[in-house]
Amino acid sequence: MKTCSYSCIYCQLGRTIRTSILRRRYCEPEEVARVVERALENVDRVDYLTFVGDGEPTLYSLLGKAATLVSREFGYRVALISNASLVWRRDVREDSTVFDFVSMKLDAATPSVFRRVNRPDNAIRISAIISGLEELSKEISGILSIETVLVDGVNDGSWHADLLAEALRKVEPYVVYINAPIRPPAEKWVRVPRVDRLRIFAERLSMYLGKHRVILLPLAEIDEVLARASTIESLLEIAKLHPVPLDLALSLLKREHGDKAMEVLRRYLERGSLTIVKYRGREYIRARQQT
Ligand code: SF4
């Protein structure tokens, strides 16, 4: 089950059943290291070992220790992808500074947009997040990037771009990535903004932050990442974090199961661990949230 401090309207894992801001010792750092060790057996090239979690990784209270351990043990750079919800906490910032690359989410500049798009836990304030990001920017020696997901008619207006740019000017991130909900979202009404609106938003941010600091990500699928999976177990692991296009899942499973690929997938659908959702004319398999 996803554990998160937000319940973003575009979350590809579905709604958060109960938000939480409690940092917990979910496992020992050594267990994380063993999982990484196993994963590295099937990989030839590594740029970063990235901590993402099934939800928000900074809710793991030993995050900094785990990152330090895997970085020391395997000798690779480490990256963190966080929703920034706890960056106002000193211990979360201390854990974040262990990483060589940190990506923090910032989709909103005002309390009302924040509540509408991220639906945060009641204890979280957007003003505290923006101040926390300013602090982190001073404390971190690695790269700090910001990711902003834009939803049509929710946070993609020019007025909001100006407010976000004001906030980000104080944060001084290395780069800001503008993204959109290209996979099945938690709420059916969520739409990708028109490309011209995405461009205008990116241009307005560039006016404040500099052109080279704002990148509009291409709205393409990351099929090449998925192409490594061929077993139903590896597909399940990926589907926990990213919905997988159904046609792609079937062609990957065919490598191992031939004509029985659909039958294998159907068994998992019947057991309830996977579900099929439709979005923008394409069908996806997604891990079902347990209640
Ligand atoms: S998109 Fe990320 S931050 Fe938002 S609810 Fe999903 S896991 Fe949490």
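My aim in this report is to walk through the structure given alongside it, one point at a time. Note that the coordinates shown come from a computational prediction; the quantities given were computed from them, not determined experimentally.

**A closer look at the site of the ligand**
Argument step 1. Contacts to the ligand come from K2, C4, Y6, S7, C8, Y10, C11, T16, G55, N83 and K105.
Argument step 2. Its residues assigned to classes, the shell around the ligand shows 5 nonpolar, 4 polar and 2 charged.

**A look at the sheet that holds strand β8 (residues 274–279)**
In a beta sheet, neighbouring strands pair by backbone hydrogen bonds and run either parallel or antiparallel.
Argument step 1. Ordered in space as β7-β9-β8, the 3 strands form an open sheet in which the pairing is antiparallel. The sheet is open, and its two edges are formed by β7 (244–245) and β8, each paired on a single side.
Argument step 2. Relative to the sheet, helix α11 (residues 261–271) contacts β8 and β9 (282–287), its axis offset from that of β8 by approximately 100°.

**Observations concerning the environment of A261**
Argument step 1. Along the chain, A261 turns up in helix α11.
Argument step 2. With 129 residues separating them along the chain, A261 and G132 place their C-alpha atoms 48 Å apart.
Argument step 3. Setting aside its immediate chain neighbours within four residues, A261 contacts L250, L253 and K254.

**Regarding the nonpolar core**
Argument step 1. If you look at the biggest cluster of nonpolar residues, it comprises 69 residues, and the most contacted ones within it are F51 and I129.
Argument step 2. Counting 19 residues, the second-largest nonpolar core is a separate cluster that includes I232, L248, L250 and L252.

**Quick look at unusual backbone geometry**
Argument step 1. Despite not being glycine, R119 shows a phi value in the positive range, around 40°.
Argument step 2. Within the fold, R119 resides in the loop between α4 (111–118) and α5 (126–139).
Argument step 3. Notably, E172 is not glycine yet its phi reads approximately 55°, a positive angle.

**Remarks on the side chain of R286**
Argument step 1. Here R286 shows up in strand β9.
Argument step 2. Although buried, R286 forms no salt bridge, and the nearest oppositely charged side chain, E187, lies 8.9 Å from it.
Argument step 3. Apart from residues no more than four positions distant in its own chain, R286 is found in contact with C11, Q12, L13, G14, P184, P185, A239, P243, S273, L274, T275 and V277.

**Quick word on the pairing of strand β1 (residues 48–51)**
Argument step 1. With burial as the criterion, only one face of β1 is covered, namely that bearing L49 and F51; the residues Y48 and T50 on the opposite face remain uncovered.
Argument step 2. Here β1 pairs with strand β2 (residues 77–82) via 4 bridges, running parallel. Directly across from T50, in β2, lies its bridge partner A79.
Argument step 3. For the segment spanning β1, helix α2 (residues 63–74) and β2, crossover handedness is right-handed.

**Some points on the pairing of β2**
Argument step 1. Pairing geometry for β2 and strand β3 (residues 101–105), over 4 bridges, is parallel. Paired with L80 across the bridge in β3 is V102.
Argument step 2. Note on the crossover from β2 through helix α3 (residues 90–96) to β3: the handedness is right-handed.

**Some thoughts on the sheet that holds strand β4 (residues 143–149)**
Argument step 1. In spatial order, the strands read β1-β2-β3-β4-β5-β6; together these 6 strands make up an open sheet with parallel pairing. Each edge of the sheet is formed by a strand with only one pairing partner; in this case those strands are β1 and β6 (214–216). Neighbouring strand axes in the sheet, compared pairwise and without regard to direction, differ in orientation by 20° on average.
Argument step 2. Pairing of strand β5 (residues 175–179) with β6, which is carried by 3 bridges, proceeds in the parallel orientation. In the sheet register, Y177 faces β6, and the bridge partner there is I215.
Argument step 3. Here α5 sits on the sheet in contact with β3 and β4, set at roughly 150° to β4.

Rules of the game
- One numbering rule holds for all chains: residues counted from 1, following each sequence as written.
- For a predicted model such as this one, the threshold for reporting local features is a pLDDT of at least 70, and the threshold for listing and counting side-chain atom pairs is 80 or more; totals across whole chains, interfaces and linings nevertheless cover every residue.
- Think of the side-chain values as coming from all heavy atoms in the structure, minus any hydrogens and water.
- Near, as used in this document, describes a residue that has one of its heavy atoms within 4 Å of the molecule or strand being considered.
- Residue polarity is assigned by list, with Asp, Glu, Lys and Arg as charged and Ala, Val, Leu, Ile, Met, Phe, Trp, Tyr, Cys and Pro as nonpolar; anything else, Gly included, falls into the polar class.
- Strands are treated as partners if at least two bridges between them are detected by DSSP.
- Under the scheme used here, helices are H or I runs from DSSP no shorter than 4 residues and strands are E runs no shorter than 2 residues, and both carry numbers assigned from the N terminus.
- Here, two residues are considered to be in contact whenever any of their heavy atoms come within 4.5 Å of each other.
- Only the stretch in contact is used when a helix axis is fitted, and all axes are lines through C-alpha atoms; the angle between N-to-C directions ranges over 0 to 180 degrees.
- By convention a nonpolar core is built from buried Ala, Val, Leu, Ile, Met, Phe, Trp, Tyr and Cys residues, the set being connected through side-chain atoms within 4.5 Å.
- Summary of the burial criterion: residues with accessible area below 20% of their type's maximum are buried, those above 50% are exposed, and those between are partly exposed, where the area comes from a 1.4 Å probe applied to protein chains only.
- In this tally, Lys and Arg are treated as positive and Asp and Glu as negative; His is ignored, and so are the chain termini.
- Salt bridges are counted wherever a side-chain nitrogen of Lys or Arg sits within 4 Å of a carboxyl oxygen of Asp or Glu.
- Seen with its strands pointing away from the viewer, a crossover is right-handed if its path from the first strand over the helix to the second goes clockwise.

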